Amino acid sequence: MKYFSELLLLGTLILLLPVKGAPAETPQDPIYVKTSNGWNAAYAHGNEYAEFRVTGNGAKLQDAYHILLQKGVGMMVSFVDKKELQNDKDLLSAHAQWEIDYWHQHASKVESNIREDLTGTRKDVKVTEIKVYNDKGAQMSSYLIGLAANDGIFVLSVSPAKKDVDPLVKELVRSFKLVPRNLDAEEAKRLSSEAKAHR
């Protein structure tokens, strides 16, 4: 439990990062629809939204942005506006570098690794493994799963980053997709009906 509260603190820090500059449009809160094996989720920004699936009946929503995926493994959902990033030609790389730069300012040591083995052939998604150390040598680690959108990056941050969490990250990557439609009431209703049909 102590570790998850640290993760939530880490998540809160990451969530607050995009606030440095006022984003053009505040994203709606993510929505979740219960399925027979977890949750289907949708997170809107502008006229598009990201969808992803959280599988496993042990998954517990803490709030709209924080999910306990399984014992000792948490996830945070966020969006980073492209105005925050230096390079809008390659948003995925710019986002990973932006996160790494942030941690270099707030940690004693930062290690990062692009995990192409977790994304397969997809070019619209990037997984970056980050390990952050404080001056006493304590480590926190996470996977940043970025999905490129028109106005920025949808991000799933999964922590801790360790080998037995890799299959979970692969599942999230497989389900993490951009939908080029407004997430209005009608679309939310359609997603809900779709989830119920698969129960």
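A quick note: this is a predicted structure, and the numbers were derived from the prediction, not measured.

A few words now on helix α2 (residues 91-106). Compared with the 22 Å implied by 1.5 Å per residue over 16 residues, the 23 Å span of α2 between its first and last C-alpha is a close match. Turning to α2, its buried residues are L91, L92, A94, H95, A96, W98, E99, I100, Y102 and W103.

Right, let's get into the confidence of the model for the protein chain. Across the protein chain, pLDDT averages 84, with 84% of residues at or above 70. Across residues 1-26 the pLDDT falls below 50, and counting only partners more than four positions away or on other chains, this stretch makes 46 contacts in the model.

On to unusual backbone geometry. Look at the link from S159 to P160: it is a cis peptide, with omega at 5°. Counting through the fold element by element, P160 comes out in the loop between β10 (152-159) and α4 (166-175).

This next bit is on the sheet that holds strand β1 (residues 31-35). Consider a sheet: its strands pair through backbone hydrogen bonds, and that pairing is either parallel or antiparallel. If you walk across this open sheet you meet the four strands as β1-β2-β3-β11, and the pairing is antiparallel. Strands with a single pairing partner mark the edges of an open sheet, and in this sheet they are β1 and β11 (177-179). Pairs of neighbouring strands in the sheet enclose a mean axial angle of 25°, with direction left out of account. Note that strand β3 (residues 48-55) and β11 share three bridges and pair antiparallel. Pairing of A50 across the sheet is with L178, part of β11. Against the sheet, α4 contacts β3 and β11, and its axis sits at roughly 145° relative to β3.

In this structure, F52, L69, M75, I145, V158 and V169 are the most contacted members of the largest nonpolar core, which totals 32 residues. Broken down by secondary-structure element, the contributors of at least two residues to this core are β2 (38-45), β3, β5 (66-70), β6 (73-81), β8 (125-133), β9 (139-148), β10 and α4. Listed in part, the 16 residues of the second largest apolar core include V80, L85, W98 and V110.

Here we take up the sheet that holds strand β7 (residues 109-114). Read across the sheet, seven strands follow the order β4-β5-β6-β10-β9-β8-β7 without closing on themselves; strand pairing throughout is antiparallel. Two strands bound the open sheet, and with one partner strand each, they are β4 (60-63) and β7. Across the sheet, the mean angle from the axis of one strand to that of its neighbour is 25°, orientation sign disregarded. Bridge count for β5 against β6 is four bridges, and the pairing is antiparallel. From the neighbouring strand, Q70 faces β6, where its bridge partner is V73. Of the strands in this sheet, β6, β7, β8, β9 and β10 are in contact with α2, which crosses β8 at around 10°.

Moving on, we get to the pairing of β10. Judged by how many residues are buried, β10 sits mostly within the fold: eight of eight residues are covered. As defined by bridge partners, β9 adjoins β10 across six bridges and the pair is classed as antiparallel. Along β10, the bridge assignment pairs Y143 with V158. The antiparallel hairpin formed by β9 and β10 contains three residues in its connecting segment.

Here S159 shows up in strand β10. On the accessibility criterion, S159 (2% relative accessible area) is buried. For S159, the side chain forms a polar contact with the main-chain oxygen of S141, separated by 2.5 Å.

The next point concerns the packing of aromatic side chains. In total, this model carries seven aromatic pairs according to the counting rule given. Geometrically, the ring pair formed by Y32 and W39 is edge-to-face, given 6.5 Å between the ring centres and 85° between the ring planes. Their ring planes at 85° and their centres at 5.0 Å tell us that Y102 and W103 sit as a pair that is edge-to-face. Both residues of the pair, Y102 and W103, count as buried. Grouping aromatic residues by their ring pairs yields a cluster made of Y32, W39, F52 and F176.

Criteria and thresholds
- Residues numbered from 1 in each chain as written.
- Predicted model: local features only at pLDDT ≥ 70, side-chain atom pairs only at ≥ 80, totals over all residues.
- Heavy atoms only, no water.
- Helix = DSSP H or I, 4+ residues; strand = E, 2+ residues; numbered from the N terminus.
- Expected span 1.5 Å × (residues − 1).
- Buried < 20%, exposed > 50% of the residue type's maximum accessible area, 1.4 Å probe, protein only.
- pLDDT = per-residue confidence, 0-100.
- Contact = heavy atoms within 4.5 Å.
- Pairing = 2+ DSSP bridges.
- Axes fitted to C-alpha atoms, helices over the stretch in contact; angles between N-to-C directions.
- Core = buried A, V, L, I, M, F, W, Y, C linked by side-chain atoms within 4.5 Å.
- Polar contact = N/O pair within 3.5 Å; in protein donor to acceptor, adjacent residues only side chain to side chain.
- Phe/Tyr/Trp six-rings, centres within 6.5 Å; stacked < 30°, edge-to-face > 60°.

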